[in-house]
Amino acid sequence: MPWFDLPEEQLRAYRISTPEPDGLDAWWAARLDEARAAAAPPTLTRYAEEAYGPVEVYDVEFSGARGDRIRAWFLRPASPDGGTVPVAVTFIGYGGGRGVPYEHLAWPAVGVATFVMDTRGQGGRWTVGATGDPGRAGDGPEYPGVMTRGIARPETYYYTRLYVDAVRAVEVAAELAGVDAERLAVCGTSQGGGLALAAAALAPDRVRVCQSNVPFLCDFQRAIGLSPTYPYKEIADFLAQQVDLADEALDTLRYVDCALLARRVTADCLISVGLMDEICPPSTVFAAYHEVRGSKEIAVYPFGVHDLPLRHHERQLRHLRERLA
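Rules used in this analysis
Residues numbered from 1 in each chain as written. Predicted model: local features only at pLDDT ≥ 70, side-chain atom pairs only at ≥ 80, totals over all residues. Heavy atoms only, no water. Core = buried A, V, L, I, M, F, W, Y, C linked by side-chain atoms within 4.5 Å. Buried < 20%, exposed > 50% of the residue type's maximum accessible area, 1.4 Å probe, protein only. Helix = DSSP H or I, 4+ residues; strand = E, 2+ residues; numbered from the N terminus. Contact = heavy atoms within 4.5 Å. Salt bridge = Lys/Arg side-chain N within 4 Å of Asp/Glu carboxyl O. Axes fitted to C-alpha atoms, helices over the stretch in contact; angles between N-to-C directions. Parallel < 35°, antiparallel > 145°, perpendicular 65-115°, else oblique. Left-handed = near helix turned anticlockwise from the far one by under 90°. Nonpolar A, V, L, I, M, F, W, Y, C, P; charged D, E, K, R; others polar.

S.K.: How should I be thinking about the nonpolar core in this particular structure?
M.R.: Across soluble globular proteins, nonpolar side chains have a tendency to be buried as a group. Counting residues in each nonpolar core, the largest one holds 89 residues, and the members touching the most others are F91, F115, Y159, Y163 and V186. Per-element tally for this core: the top contributor is helix α5 (residues 158–174), with twelve residues. Apart from the residues within four sequence positions on either side, F91 is in contact with M117, A166, A169, V186, C187, G188, T189, G192, L195, A196 and A199. Counting residues in each nonpolar core, the second largest holds eight residues, with A88, A185, V209 and L324 among its members.

S.K.: What's the story with the pattern of salt bridges in this structure? I'm lost.
M.R.: A side chain of one charge can pair with a side chain of the opposite charge if their charged atoms are brought near each other. The tally for this structure, following the rule as stated, stands at 31 salt bridges. The shortest N-O distance in the salt bridge between R120 and D165 comes to 2.7 Å. Taken together, the residues R120 in the loop between β5 (113–117) and α5 and D165 in helix α5 connect sequence positions 45 residues apart. Here R120 matches D165 in class, with each residue buried. With a closest N to O distance of 2.8 Å, D268 and R323 form a salt bridge.

S.K.: Could you clarify how one ought to interpret the packing of α5 against helix α6 (residues 191–202) in this entry?
M.R.: Packed helix pairs are specified by the crossing angle of their axes together with the interaxial distance, meaning the distance between the axes. Put simply, α5 and α6 touch, their axes get as near as 9 Å, and they point 65° apart. Regarding the angle of α5 to α6, the classification is roughly perpendicular. Our pair here, α5 against α6, has a crossing hand that is right-handed. In this structure, α5 uses Y159, L162, Y163, A166, V167 and V170 to contact α6, whose residues at the interface are Q191, L195, A198, A199 and L202. Its residues placed into classes, the contact of α5 with α6 shows ten nonpolar, one polar and no charged.

Here it is, written out as structure tokens:
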């Protein structure tokens with residue numbers, strides 16, 4: 001894979017040029033207030049105790065956008081002194097779902113609980129999901145996938161719902177028994193990395209650490225004109241046919257652009273980028289990184305594509321334990 005984006009020295013100076021919508025904070029506050037007003041209490045059901053032993057695993061349902069019930073896993077390690085433990089809220093990459101608890105044992109292995117949010121309407125491509133995307137009829141034409149679902153208006157756009165789900169996941173995880181709400185992190189890769197940024201931006205009082213790997217959903221207007229592959233290409237393909245919706249679609253994307261939302265992030269951030277990543281172009285990742293106002297660092301992998309070396313996962317473990325110990 002070639003280097004196709006800006007040289008690294010230019011990436012370190014690159015800034016998003018898309019203007020932020022007027023009243024963005026109030027707009028998001030209204031979406032979140034609506035979800036909280038429709039919320040029912042979460043339910044937790046103990047899962048496969050005979051398999052996971054000292055790690056308590058729960059099958060969770062909680063209320064996300066519009067009160068829709070969202071599935072999750074909650075894995076809590078045994079606390080040696082019976083006290084509370086930090087928690088990492090984990091988000092999943094595009095096309096995947098929450099999978100099975102076995103896939104999420106790394107955090108409990110180092111003493112950190114994890115709350116793994118399922119992704120509504122996904123979970124059929126590379127790991128299983130259990131949550132649909134109800135009530136989407138009438139949202140208009142769409143390209144197969146979810147990138148253009150309801151894209152004509154920010155109120156109906158798929159990612160508006162998903163970002164609200166992510167914030168509600170943070171709020172629910174912070175209130176669970178055995179969790180220290182003052183030591184809460186969000187983390188994810190690709191789409192999950194974008195959701196981690198969105199949750200940190202929209203719940204800054206809750207999120208202390210944000211780990212966002214090769215984040216998707218950043219600097220949309222550059223990404224859809226630069227990335228030669230999917231998922232961003234879903235939008236380009238859609239607008240090649242739905243030419244009358246271009247202005248409305250591009251306006252909608254400003255409301256969910258994580259490079260714009262990142263201005264609200266106050267958490268301690270670790271962001272990663274691969275300079276050969278065609279799925280999430282490096283300039284779009286740097287666009288989000290530069291807008292973060294809290295403490296931050298970026299791991300740059302010059303030969304990295306849309307993947308991470310295992311050494312980076314060790315860096316994540318150290319980063320989280322140092323900040324949430």
